[in-house]
Every structure is written in structure tokens, then in C-alpha cells.
Amino acid sequence: AQSVTQLDSHVSVSEGTPVLLRCNYSSSYSPSLFWYVQHPNKGLQLLLKYTSAATLVKGINGFEAEFKKSETSFHLTKPSAHMSDAAEYFCVVTVTGTASKLTFGTGTRLQVTL
Amino acid sequence: NAGVMQNPRHLVRRRGQEARLRCSPMKGHSHVYWYRQLPEEGLKFMVYLQKENIIDESGMPKERFSAEFPKEGPSILRIQQVVRGDSAAYFCASSPGPGGSGYTFGSGTRLTVV
């Protein structure tokens, strides 16, 4: 079984300040982890993915995430928020290399203020 | 190379009608997954198909919902006798193989039942 917990349903930051979106996972097997972003009434865009290679993963638009097995975490960070980053962010887990489905977290809504 | 194509983008049905949602996977992808997103929630897995086979339908409601992925043509998610609670965004994803990092999502079909 696998699951993800996104610890914050809403996060608000000022433009230019750092972003931290928290995610903890649970998986019986070797996990693959993803972060997706969804802008209002849009589809899902993959930000980054971890599939058992380097634990620090760099994604698009300046985002990165670090896989910490000891803490079962995969937090998403960005050094400096931009207004265009305002969206819903989903942490996702699946079992590496299998036909397993994706399991989504409940999402974190990021608000960026001036 | 076109991405995952879903149509229609928006679908309005009256209670009791049938809804048909189509998904054309990326070229070379033979694995298709359907997910449902209810308002203010994350995506929930519904069904996983390969060509002509249902691999995992553990997320499908037991009644009124069916899915297929024929040898030729798109994958179809069919909802018979729709009810207001079926109103949601339905996303399709495809991958070249089982699981892992190759998922690509479509832009979704937003179903509204009136």
C-alpha cells in the first residue's frame, strides 16, 4: 500500500520569498515520487520526479525537491516565488517499475502575494 | 508528437443520460490510466488499461461506469445514467510501459451533470 500526506492545504508567500510545500509518503516498496502543478481549470504539469537516482531532484521553473528516506519526506522548494507560481500542487507516489497506479495527495494551494 | 488528447474538454449532460469521454494516448504509449478529480480534491485512480485489456479497475464504481481501450482507436470511459455526483474533471494519462516515470496527463474532460 502507498499513500502521501500533504501537510498544508494552503500556503501563502510573498513574491520573492522562498516556497516550501511539505509532503510525507508511505510505501511498502521502493517508491517513485512526483510533484505536479495544476493551474485553475487546467491539466496537470509534471514539475519533477524522483525514481531512485539522485536524492536532490531539480525540476522546471526553479523548483526542486529532496528525497529523504529516513524522514519519508519529499518536500518541494523554490528559492524565490513568482506570481505565476500560484496554483495547486500535488505530491504523488507510485511503486517504481511496476504497473501500480499513481496515488495523489490532497493538494496544497499556493498563493503568492505582492 | 502530440500529447495525450482528451475530448471533449467540456461535457454537459442531463441526469440519466450517458457520458462518453475519449482519450488518445501519446504515440507509442500502450498503457492508459483514468483518474477522477472531484471539486476541491486530489485525483483518484479509476482504471488502468492496456490495449484490449483491463489491468486494474479497483477504483471504478461498481455500477454505471465502464472503460475500454480497443486495439484501434482511443480509450473510452463511459458513464451510464449520470447523476449530479458524477460531475467532476476526468483525466487520462498514458505511459509507454507500466508505472515509473513515463506518465503524461491530458488536459481533462470536465463533466457537468444538470
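Since we're looking at a predicted model, the values are computed, not measured. (Residues numbered from 1 in each chain as written. Chains lettered and ligands numbered in written order. Predicted model: local features only at pLDDT ≥ 70, side-chain atom pairs only at ≥ 80, totals over all residues. Heavy atoms only, no water.)

### Focus on the overall build of chain B
Point 1. Scanning chain B from terminus to terminus reveals zero helices and 11 strands.
Point 2. Since a compact globule built from 114 residues should have a radius of gyration of about 13 Å, the 13 Å found for chain B is in line with a globular shape.
Point 3. In terms of overall dimensions, chain B has a C-alpha envelope of 35 × 25 × 25 Å along the principal axes.
Point 4. Within the span of chain B, comprising 114 residues, buried residues form 46% of the whole.
Point 5. At a minimum sequence separation of 6, the contacts of chain B that also span at least 24 residues come to 52%.
Point 6. Surface accessibility of chain B: about 5,600 Å² in total, with carbon and sulfur atoms responsible for 46%.
Point 7. Counting 16 positive and 10 negative side-chain charges, chain B places the centres of these two groups 7 Å from one another. (Helix = DSSP H or I, 4+ residues; strand = E, 2+ residues; numbered from the N terminus. Rg over C-alpha atoms; globule rule 2.2 N^0.38 Å. Buried < 20%, exposed > 50% of the residue type's maximum accessible area, 1.4 Å probe, protein only. Contact = heavy atoms within 4.5 Å. Areas by Shrake-Rupley, 256 points an atom, 1.4 Å probe, with all protein chains shown as cover. Lys, Arg positive; Asp, Glu negative; His and termini not counted. Charge placed at Lys NZ, Arg CZ, Asp CG, Glu CD.)

### Description of the pattern of salt bridges
All names here are of chain A.
Point 1. This structure, assessed with the given rule, holds seven salt bridges over all chains.
Point 2. In this structure, the salt-bridge partner of D85 is K78, at a minimum N-O distance of 2.8 Å. The residues D85 and K78 share a single accessibility class, namely buried.
Point 3. Of the charged contacts, one joins E88 and R109 as a salt bridge, the two residues approaching to 2.9 Å between their closest N and O atoms. With a gap of 21 residues between them, E88 in strand β10 (residues 87–95) and R109 in strand β12 (residues 108–113) connect regions that are remote in the sequence.
Point 4. Residue R109 is classed as partly exposed on the basis of its relative accessible area of 36%. (Salt bridge = Lys/Arg side-chain N within 4 Å of Asp/Glu carboxyl O.)

### Some points on unusual backbone geometry
Point 1. For the bond running from N7(B) to P8(B), omega is -5 degrees, close enough to zero to count as cis.
Point 2. Look at T72(A): it is not a glycine, yet its phi comes out positive at around 45 degrees.
Point 3. Structurally, the position occupied by T72(A) is in the loop between β8 (64–68) and β9 (73–78).
Point 4. Residue classification places T72(A) among the partly exposed residues on the basis of a relative accessible area of 33%.
Point 5. With phi around 65 degrees, E52(B) is a residue other than glycine that occupies positive phi space.
Point 6. On the secondary structure map, E52(B) appears in the loop between β5 (43–50) and β6 (53–56).
Point 7. Look at E52(B) and you get exposed, because its relative accessible area is 56%.

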